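The lines below spell out each chain.
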Amino acid sequence: MTRFKLPLLSLAVALLFAGCSTSQNPADGGETQASVTGDRIEAFVGPGGSVAVGDPAAQFDKAFPRPKGSTTPESPPLEGVEFVGWQNDREMASAAIQDGKIAALYHGKAKAEPDWIAEARSRFGKAELDVSNDLGAVANWKRGDKELVIMLQQGQGGGLTVRVAGTSEMLKRLQLNAGELASNLEAQARAISGSPAGQPGHSPDDGHGH
């Protein structure tokens, strides 16, 4: 079995659109269901309750308690930022902590979860950026200084789905720019299809008017 290796936050993006395959272990359950709270794009619901950007750091551990057998993921070196979280073969949950409070939340699964984007569209309305093709999708919502980015990769090994919420400042520090992620996804699709660079093949409702 290929281990679900998702380096924390920004490094996960490289994996998401690197064309790699992750394996899925569907039989033994125990996975966290994706959910959001009301119209708060910065809040996630875990098996232990809800947690939001701005909450005290301890709230992350309550909402996403560490499963038995999980390990600590890699974390990028960011001055003044501490990372907490866990990962196993199927799932990863983590948070960036700054000044004792949650500045970003991360949740990923080693399988394609298109319902994550569908649910966000239903709750939050039209996304600021919404791009999809046969390889995956990227969608982004904003509320004030908070952002939600959901990224989906289709794959033979089950695919990969990632959602990240945080302040715009923290997501920028983590190199999580939704526009760049969407461009990478479109570039991969062009490379596979051989279509010209000027014809990116947007989805019907992708925020670009195509």
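Residues numbered from 1 in each chain as written. Predicted model: local features only at pLDDT ≥ 70, side-chain atom pairs only at ≥ 80, totals over all residues. Heavy atoms only, no water.

A. Focus on the environment of Q188. Along the chain, Q188 falls in helix α5 (residues 178-193). On the basis of relative accessibility, which here comes to 24%, the residue Q188 falls in the partly exposed class. As a C-alpha pair, Q188 and L135 span 53 residues in sequence and 8.0 Å in three-dimensional space. (Helix = DSSP H or I, 4+ residues; strand = E, 2+ residues; numbered from the N terminus. Buried < 20%, exposed > 50% of the residue type's maximum accessible area, 1.4 Å probe, protein only.)

B. Representation of the sheet that holds strand β10 (residues 160-167). Taken together, seven strands build an open sheet; the order of strands is β4-β5-β6-β10-β9-β8-β7 and the sheet is antiparallel. Two strands close off the open sheet at either side, each with one partner strand: β4 (82-87) and β7 (129-133). Ignoring which end each strand starts from, the neighbouring axes of this sheet average 10° apart. Contacts from α5 reach β7, β8 (136-143) and β9 (146-153), with the element oriented near 20° to β7. (Pairing = 2+ DSSP bridges. Axes fitted to C-alpha atoms, helices over the stretch in contact; angles between N-to-C directions. Contact = heavy atoms within 4.5 Å.)

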